[in-house]
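Inside the fold
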Amino acid sequence: MRMRATAVAHPNIALVKYWGKRDELLNLPAAGSLSLTLKGLQTRTTVVFDPSQDRDLIMLNGRSVVGKRYDRLVRYMDYIRDISGTNAPATIYTENDFPTAAGLASSSSGFAALAAASCAALGLNPTLSQLSAIARMGSGSAARSIYGGYAEMLPGVQEHGGDAYAVPVASDVHWDLRCLMVLTTNHEKSIGSTEAMNHTAQTSPFFDAWVDSVPADIEEAKTAIMDRDFDRLAKVAEHSCLKFHASAIASDPGIIYWNGLTIQIVHKVRQLRKEGMNLFFTIDAGPHVKVFCESSQLAAVKGILRTIPGVTRFLVAQPGPGVMLEDEQGRLSAPWPSKR
Ligand code: PMV
């Protein structure tokens, strides 16, 4: 058996958000979601299973992972060992070329790459839907990064979650949007998404209303994407983002991910759209703002946002491919068939 493999994955940003679980143990979402996988940012992960090791070793950006993050990754590797019938510990080397745990979707690319590299190293041969469900066990959003371009997460109805995986909606070349990530702080996020979404589900009076609103938003966003209707997508994406944050803010005690700069950028984006530019914002479990626009307007949008005092750092991303394996010569390929 090949015990070593490397995978590369890109983060995705949700246009219709995922916020809340119907089963915490199996990491099943309470509702669907819809996202765009982005190249320009990436995670590269090598997994080596070695029966002579006494425990998992995990290196993130060259540093040994410890504490809660280590425990979470070991739990995930235990799940992988369970489904593959091995008990060999692993060494994991993972590199993000963008900030980790800052609300920039590093867990989406992280668990997509880890799932793919682990399966390949252990000789598992899942279909893409199965791989998506395997990635979901690590992080709900990771299920979507298995696919390039626009992907929909299906919440599923089965108790064991076999029907909770992502499916492709449109490829990365369907609509050439740009995502400008405007960084508003250098700090890691204050409260992780799992803890925050469970707290929202348990204490927010708005949680059920939020969950009920998701399916219609997904249909609306899918239509907007298929028609390349920017204004339609802008409206539904901003609404979904604000509804998810509203449900979190209404928790007890409330979870507020935004800082002052976050709000200033939101207002600026809305003002520019009113003036006729094609752009919209979205915000995840952190204070940064992701501004989507058409590629022709990227330079202009960047130029204007840069004039907001405090805005200094941007990351630019565009629709990208799904998860891929890297061979020893550094060649990338997507070896999993979508159906079998
Ligand atoms: O995949 P998780 O557990 O990190 O949750 C992601 C939650 C959001 O980023 C806020 C929304 C989403 O759909 O990606």
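What comes next concerns the included structure. (Residues numbered from 1 in each chain as written. Predicted model: local features only at pLDDT ≥ 70, side-chain atom pairs only at ≥ 80, totals over all residues. Heavy atoms only, no water.)

Here His 199 lies in helix 4 (residues 193-203). Spatially, the C-alpha atoms of His 199 and Gly 254 are 9.1 Å apart, while their sequence positions differ by 55 residues. Those residues in contact with His 199 that lie beyond four places of it in its chain are Ser 204, Ser 251, Asp 252, Pro 253 and Ile 255. Within the local environment of His 199, its side chain forms a polar contact with the backbone oxygen of Asp 252, the two atoms lying 3.3 Å apart. (Helix = DSSP H or I, 4+ residues; strand = E, 2+ residues; numbered from the N terminus. Contact = heavy atoms within 4.5 Å. Polar contact = N/O pair within 3.5 Å; in protein donor to acceptor, adjacent residues only side chain to side chain.)

This brings us to the site of the ligand. Neighbouring residues of the ligand: 14 residues in total, closest Tyr 18, Ser 139, Ser 141, Arg 144 and Ser 193. The contact in question runs from an oxygen atom of the ligand to an N or O atom on the side chain of Ser 107, over 3.1 Å. A distance of 3.5 Å separates an oxygen atom of the ligand from a polar atom in the backbone of Gly 140. Its free accessible area being 380 Å², the ligand has 92% of it covered by the protein chains. Broken down by class, the residue content of the shell around the ligand amounts to six nonpolar, five polar and three charged. (Near = heavy atom within 4 Å. Areas by Shrake-Rupley, 256 points an atom, 1.4 Å probe, with all protein chains shown as cover. Nonpolar A, V, L, I, M, F, W, Y, C, P; charged D, E, K, R; others polar.)

Pairing between the strands of a sheet comes from backbone hydrogen bonds, and it takes one of two forms, parallel or antiparallel. Read from one edge to the other, the open sheet built from seven strands follows the order 8-7-9-6-1-16-17, with strand pairing classed as mixed. A single partner strand is all that each edge strand has here, and the edge strands are strand 8 (63-64) and strand 17 (332-333). The strands touched by helix 2 (residues 106-121) are strand 1 (4-9), strand 6 (43-49), strand 9 (90-96) and strand 16 (324-326); relative to strand 6, the strand with the most contacts, the crossing angle is about 35 degrees. (Pairing = 2+ DSSP bridges. Axes fitted to C-alpha atoms, helices over the stretch in contact; angles between N-to-C directions.)

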